[in-house]
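Remarks on the overall topology
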Amino acid sequence: MANPTKSPPLTRPSVIAAHNLIREHIHYTPVLTNTTLNDLASAPQSAADLADTPWAGQTAANPKLRFYFKCENLQKVGAFKVRGAFHALKRLMAEEGWEEGGGREKGVVTHSSGNHAQALALAARTMGIPAHIVMPTISTPSKIAATKGYGAKVIFSGSTSTEREAVVADVMKDTGARLIPPYDHPDIMLGQGTLGIELQEQAAKIIASGGSKSGKGLDAIIAPCGGGGMLSGTALSCEDTGIFVFGAEPEFQGGDDCKRGLEQGKRIETVKTLTIADGLRTPVGAYPWTVIHDRKLVRQMFSVTEEQIKKALRLVLERMKVFVEPSAVVGLAVALYNEDFRRLVEKEGGADGWDLGIVFSGGNTSVEFLSKLYAVSEVKAEREGGVVGMDRKKTVENVAG
């Protein structure tokens, strides 16, 4: 990989420069709004919603929220990862001596469960460079097929980051390929942060053209966190803007390592979780941690359950008609179901509420996976009141999306 000590400084201007560098290779993905989800989020959760949660028996928060969804599921390769892959690869190719040292022939290597794999495969093909991609055997079949379809050589490994990195080391030794890590590198972070620059611009235009608070943009952005490259990059894009940045994680089997690390004041380096949010199964990297924890550019982390992720995903599929993967909706799940976050918005947003940017990180899943995920009986679905508690459902059932 390119020498991280020679990377641009981790600042908002560097994110803007990264955007200029990769602009020709990425889509300027749309930002969507949805009245139904705004109204649902702005209604208190019912007692049934809060049952079996840490907030059972408590008075539900009643925040006012307006969502602005950054649709990176419509990005090239179906995920935001293409931003960091192109930025890191172009930075590597500009490194002194790279071409003369046979870099173009030796190629690049990475490890990924799927989205970064596809992103680097596309970036390498675009630049005419070989790509070696180490993928866990449990990766989604459609992601494996797509990575191969971009011309990369796929090598399989175990599911943990330690197992992946061991195979990467062997590939580097055998081929001389240079590593483009999935998240733990300044060039990756700066590239991923470019979505934050776009989201700020797009949301401000929507708000100014008839939104809630003329002349003011977003109050906050919430983004999913796995390795932390995108979350830290988004935080850098918001530095000195007054926009708060929050992170969202699955809590299943310790998938909320960043949240727990912040609470303990120390980065958690190993995570082993089989959360349905498969893109968030990795521990936060050392470089993202310096932005999230050391510089405190991420205000707070929140976590949600597997069931809450499924409920949020169903809402997006059925109400917004947008195809996303489970990892993409973890931030939305926090805004809808995490009472700690909702109380914060209620307290600080007051009567005006918050304009909240939500990053839909990707859409690389399959119909087969989603069918299996929602393989429940109609009787059970009716008994549980669908995807939301009956009281909240009544408040939005006649609202157009």
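My aim in this report is to walk through the structure given alongside it, one point at a time. (Residues numbered from 1 in each chain as written. Predicted model: local features only at pLDDT ≥ 70, side-chain atom pairs only at ≥ 80, totals over all residues. Heavy atoms only, no water.)

**Let's talk about the overall build of the protein chain**
The secondary structure content of the protein chain amounts to 19 helices and 10 strands. Here the C-alpha radius of gyration of the protein chain, 21 Å, is about what a compact globule of 401 residues would show, namely 21 Å. Sequence-distant contacts in the protein chain: of pairs separated by 6 or more residues, those separated by 24 or more amount to 76%. Looking at the protein chain as shown, the accessible area adds up to about 16,000 Å², and 51% of this sits on carbon and sulfur atoms. Between the averaged position of the 46 positive side-chain charges in the protein chain and that of its 45 negative side-chain charges there is a distance of 2 Å. (Helix = DSSP H or I, 4+ residues; strand = E, 2+ residues; numbered from the N terminus. Rg over C-alpha atoms; globule rule 2.2 N^0.38 Å. Contact = heavy atoms within 4.5 Å. Areas by Shrake-Rupley, 256 points an atom, 1.4 Å probe, with all protein chains shown as cover. Lys, Arg positive; Asp, Glu negative; His and termini not counted. Charge placed at Lys NZ, Arg CZ, Asp CG, Glu CD.)

**Let's talk about the packing of helix 10 (residues 194-208) against helix 11 (residues 229-237)**
Contact geometry of helix 10 with helix 11 gives a least axis separation of 7 Å together with a crossing angle of 50 degrees. Of the possible angle classes, the one that applies to helix 10 and helix 11 is oblique. Considering how the two elements wind past one another, helix 10 and helix 11 form a crossing that is right-handed. For the pair helix 10 and helix 11, the contacting residues are Leu 195, Gly 196, Ile 197 and Gln 200 in the first and Met 230, Thr 234 and Ser 237 in the second. Partitioned by chemical class, the residues of the contact of helix 10 with helix 11 number three nonpolar, four polar and no charged. (Axes fitted to C-alpha atoms, helices over the stretch in contact; angles between N-to-C directions. Parallel < 35°, antiparallel > 145°, perpendicular 65-115°, else oblique. Left-handed = near helix turned anticlockwise from the far one by under 90°. Nonpolar A, V, L, I, M, F, W, Y, C, P; charged D, E, K, R; others polar.)

**Looking at the environment of Ser 113**
Residue placement: Ser 113 occurs in the loop between strand 3 (108-111) and helix 6 (115-127). Given the relative accessible area of 15%, Ser 113 is considered buried. In this structure the C-alpha to C-alpha distance between Ser 113 and Val 134, which are 21 residues apart in sequence, comes to 8.3 Å. (Buried < 20%, exposed > 50% of the residue type's maximum accessible area, 1.4 Å probe, protein only.)

**Things to note about the packing of aromatic side chains**
According to the stated counting rule, one finds eight aromatic pairs in the structure shown. Through pairs of rings, three or more aromatic residues link up here, namely Phe 244, Phe 246, Phe 302, Phe 341 and Trp 354. Sitting over the ring of Phe 244, Arg 299 keeps its end group 4.5 Å from the ring centre. Residue placement shows Lys 311 over the ring face of Tyr 337; its charged tip is 4.5 Å from the ring centre. (Phe/Tyr/Trp six-rings, centres within 6.5 Å; stacked < 30°, edge-to-face > 60°. Lys NZ or Arg CZ within 6 Å of the ring centre and 35° of its normal.)

**Some remarks on the nonpolar core**
Here is a general trend for soluble globular proteins: nonpolar side chains tend to be buried in one another's company. If you look at the biggest cluster of nonpolar residues, it comprises 43 residues, and the most contacted ones within it are Phe 67, Leu 332, Phe 341, Leu 356 and Phe 360. Per-element tally for this core: the top contributor is helix 15 (residues 330-337), with seven residues. For Phe 360, the contacting residues outside a window of four places in its chain are Phe 69, Lys 70, Cys 71, Glu 72, Asn 73, Val 316, Met 320, Val 322, Val 324, Ala 328 and Val 329. By size, the runner-up hydrophobic cluster in this structure holds 32 residues, among which are Tyr 68, Leu 190, Ala 203 and Val 359. (Core = buried A, V, L, I, M, F, W, Y, C linked by side-chain atoms within 4.5 Å.)

**Here's the deal with the sheet that holds strand 5 (residues 153-157)**
Strands sit in the order 5-4-3-6 across an open sheet of four strands; the sheet is parallel. Both outer strands of the open sheet, strand 5 and strand 6 (178-179), are each paired with one neighbouring strand and no more. Judged from the two bridges that link them, strand 3 and strand 6 form a sheet pairing that is parallel. Residue pairing in the sheet places Val 108 in a bridge with Arg 178 of strand 6. (Pairing = 2+ DSSP bridges.)

**Quick look at helix 14 (residues 306-320)**
Between its first and last C-alpha, helix 14 extends 20 Å over 15 residues, near the 21 Å set by a 1.5 Å rise per residue. In the stretch just after helix 14, Lys 321 is the one whose phi turns positive, near 60 degrees. (Expected span 1.5 Å × (residues − 1).)

**Observations regarding the packing of helix 12 (residues 257-264) against helix 13 (residues 286-294)**
Axis angle and axis distance: for two packed helices, these are the angle between their axes and the distance between the axes, and together they describe the pair. Axis separation between helix 12 and helix 13 bottoms out at 11 Å; the angle between their running directions is 55 degrees. Judged by the angle between their axes, helix 12 and helix 13 are oblique. Crossing angle aside, the handedness with which helix 12 passes helix 13 is right-handed. On helix 13, the residues that touch Cys 258, Gly 261 and Leu 262 of helix 12 are Trp 289, Ile 292 and His 293. Of the residues that constitute the contact of helix 12 with helix 13, the class distribution is four nonpolar, two polar and no charged.

**Let's talk about the pattern of salt bridges**
Between side chains of opposite charge, pairing is possible as soon as their charged atoms come close. Under the defined criterion, the tally for this structure stands at 18 salt bridges. Notably, a salt bridge pairs Glu 348 with Arg 299, separated by 2.4 Å at the nearest N-O pair. Taken as a pair, Glu 348 in helix 16 (residues 339-349) and Arg 299 in the loop between helix 13 and strand 9 (300-304) lie far apart in primary sequence, 49 residues in all. (Salt bridge = Lys/Arg side-chain N within 4 Å of Asp/Glu carboxyl O.)

**What about the sheet that holds strand 7 (residues 220-224)?**
Pairing is mixed in the open sheet, where six strands are placed in the order 1-2-10-7-8-9. Both outer strands of the open sheet, strand 1 (31-32) and strand 9, are each paired with one neighbouring strand and no more.

**Quick notes on the environment of Leu 297**
Here Leu 297 lies in the loop between helix 13 and strand 9. When the C-alpha atoms of Leu 297 and Thr 140 are compared, they prove to be 33 Å apart, with 157 residues separating the residues in sequence. For Leu 297, the residues in contact, after removing those within four places along its chain, are Ala 235, Leu 236, Glu 239, Val 245, Val 291 and Ile 292.

Shape descriptors only; they carry no functional weight alone.
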